[in-house]
Each structure stands twice: as structure tokens, then as C-alpha cells.
Amino acid sequence: MKREEKNLISREKIITAAQKEFAEKGYGLSSVNTICAEGAISKGILYHYFKDKDEVYLQCVRECFDHLTTYLRDHAQELRGSITEQLDAYFSIRNRYFSEHREQQRIFCEAVISPPKHLATEIAKSKEPLDQFNIETLQKILSLAKLRSGVSIAEVVDTFRSYQDFINARFQMLDSSFLDTEKRDAFCHKAILILLYGVITPERE
């Protein structure tokens, strides 16, 4: 086996063990000792590839965001039909991804809703490609609509992102053991529909 292949296998072994640890315990309660013990990895090997626990965590988060973004792009052809149908399809694709990648679900939720404060900037950078995909997708969907006079697609996107910040802040107040990507996405799904269609049925004249 070539040295490059051996290095890749060792690194992937560390990430696999780390994902399991972070998914089960979150960042705060996880430890390098447990990652090494559960993955049958020596500390020397782990520290050869990663400086510390923070670096391992950031790599797990980065892979989670990257894999989700790739999955969404690969299934973008499913976004068809009306605005509502496309939004339904988008959130369905996300839910399907996390149902197929349960360990990443917890990592994603913690990183988005309640990230370790000292890693928040790095996590936000790692999330930028996913954010950009989501913005492009929403812009494309909104291009099908006739917006009210004086309202631009960019303003709708910015408003929805503000809604997301509010939703994340709401979930941040919950105990970390109750972090739930599916519930958060359900709130986001409902928020975008309310933003687009409002909450009041027009009165008949």
C-alpha cells in the first residue's frame, strides 16, 4: 500500500471515530481520549493529522456541510413545479439526507444552532458554500413569482435569512440534548411560506 493511501485511511479512521463521538455527545462533552479509544487510534496518530480537538471538530463540521451541499446539488433536478412544490421538495431532500446520515444530523444541528463560541467564525466560513447554494436556490424559486411592487428578490432572501437567525436563537435556548434538525427545518419551511404568502386570508369584498 502506498504511503498516501495509508495516510488517507488513517485520517478517515480518525474522522469516522470523531463523527460518532461528536454526534453522541456534542462538542463540549466529547474527548480526544474517547475518539482514540473507540477508533483504536493512538494519540500520536491523531495528533500527527490534527493539532487538537478543535481541529478535528472543525473537519467533521466541514465535511458535514460539504457533503450536504453536494447532495443538494446532486438532487436539484427534483425541484420542479410550483413555488410551494419546489420548497416542499427542497426540505424533503434535506430531511432525506439527514435520515441517511444520522451522525451528521447532530453535528450539523449543533454547528448551526449552538456552535462553540471560539469556533463560530471558522464554522461560519465552512458553511458559506451551503449558504450560497441555498441563496441561489431561493432566488431561482422566487424568480417564478410576481413580487409586490417595491419588494426585490434580494430583500426577500435577506428577510428569510433574518427569520433563520431568529429560529436558530430560539433553538439555542433549548437544552443541547433536544437539538433537532428536522424540527428546525420544519420551522424554516413554515417561515418561508408565511413570508411568501402571509397569514391572513383576504376578506371578500
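Enquirer: When you look at the nonpolar core in this model, what are you seeing that I'm missing?
Expert: Nonpolar side chains in soluble globular proteins generally cluster together in the buried interior. Phe22, Tyr57, Phe65, Phe108 and Ile123 are the most contacted members of the largest nonpolar core, which totals 55 residues. At 10 residues, the largest contribution of residues to this core is made by helix H4 (residues 53-74). Filtering out sequence-adjacent residues up to four positions away, Phe22 remains in contact with Tyr27, Ser30, Ile35, Lys53, Val56, Tyr57, Cys60, Arg106 and Ile107.

Enquirer: What should I look at first to understand the packing of helix H8 (residues 153-172) against helix H9 (residues 181-197) in this one?
Expert: Two quantities define a packed helix pair, namely the angle between the helix axes and the distance between the axes. Two numbers describe how H8 lies on H9: the axes approach to 10 Å, and their chain directions differ by 145 degrees. H9 is crossed by H8, and the crossing has right-handed handedness. Taking contact as the criterion, the partners of Val156, Thr159, Phe160, Tyr163, Gln164, Ile167, Asn168, Arg170 and Phe171 in H8 are, on H9, Lys183, Arg184, Phe187, Cys188, Ala191, Ile192, Leu195 and Leu196.

Enquirer: Whenever I open this one, the side chain of Glu21 confuses me. Can you help?
Expert: Relative to the helices and strands, Glu21 is located in helix H1 (residues 3-29). Within polar-contact distance, the side chain of Glu21 engages the backbone nitrogen of Ser31 at 3.1 Å. For Glu21, the residues in contact, after removing those within four places along its chain, are Gly26, Leu29, Ser30, Ser31, Thr34 and Ile35.

Enquirer: What's the story with the layout of surface pockets in this structure? I'm lost.
Expert: Think of a ball as big as a water molecule: rolled over the atoms, this probe shows where empty space is left. Reported here for the largest pocket is a volume of approximately 560 Å³. Taken together, 28 residues form the lining of the largest pocket, with Lys127, Asp131, Asn134, Gln164 and Arg184 sitting closest to its centre. Those elements giving two or more residues to the lining of the largest pocket turn out to be helix H5 (83-100), helix H6 (102-113), helix H7 (120-142), H8 and H9. Counting residues per element, the lining of the largest pocket draws most heavily on H7, which supplies 11 residues. Its residues assigned to classes, the lining of the largest pocket shows 18 nonpolar, four polar and six charged. Here the second largest pocket defines a volume of roughly 260 Å³. Partitioning the lining of the second largest pocket into residue classes produces nine nonpolar, no polar and two charged.

Enquirer: Any chance you could explain H5 here in plain terms?
Expert: The α-helix advances 3.6 residues per turn, and as a result positions three or four apart in sequence lie on the same side. The end-to-end C-alpha distance of H5 is 26 Å, a good match for the 26 Å that 18 residues give at a rise of 1.5 Å each. The inward-facing, buried residues of H5 abut H4, H6, H7 and H9.

What counts and what doesn't
Residues numbered from 1 in each chain as written. Predicted model: local features only at pLDDT ≥ 70, side-chain atom pairs only at ≥ 80, totals over all residues. Heavy atoms only, no water. Core = buried A, V, L, I, M, F, W, Y, C linked by side-chain atoms within 4.5 Å. Buried < 20%, exposed > 50% of the residue type's maximum accessible area, 1.4 Å probe, protein only. Helix = DSSP H or I, 4+ residues; strand = E, 2+ residues; numbered from the N terminus. Contact = heavy atoms within 4.5 Å. Axes fitted to C-alpha atoms, helices over the stretch in contact; angles between N-to-C directions. Left-handed = near helix turned anticlockwise from the far one by under 90°. Polar contact = N/O pair within 3.5 Å; in protein donor to acceptor, adjacent residues only side chain to side chain. 1 Å grid on protein atoms, 1.4 Å probe; cavity = no way out; pocket = protein on both sides within 12 Å on 5 of 7 lines; lining within 4 Å. Points joined across faces, edges and corners; volume = space filled by probe spheres on them. Nonpolar A, V, L, I, M, F, W, Y, C, P; charged D, E, K, R; others polar. Expected span 1.5 Å × (residues − 1).

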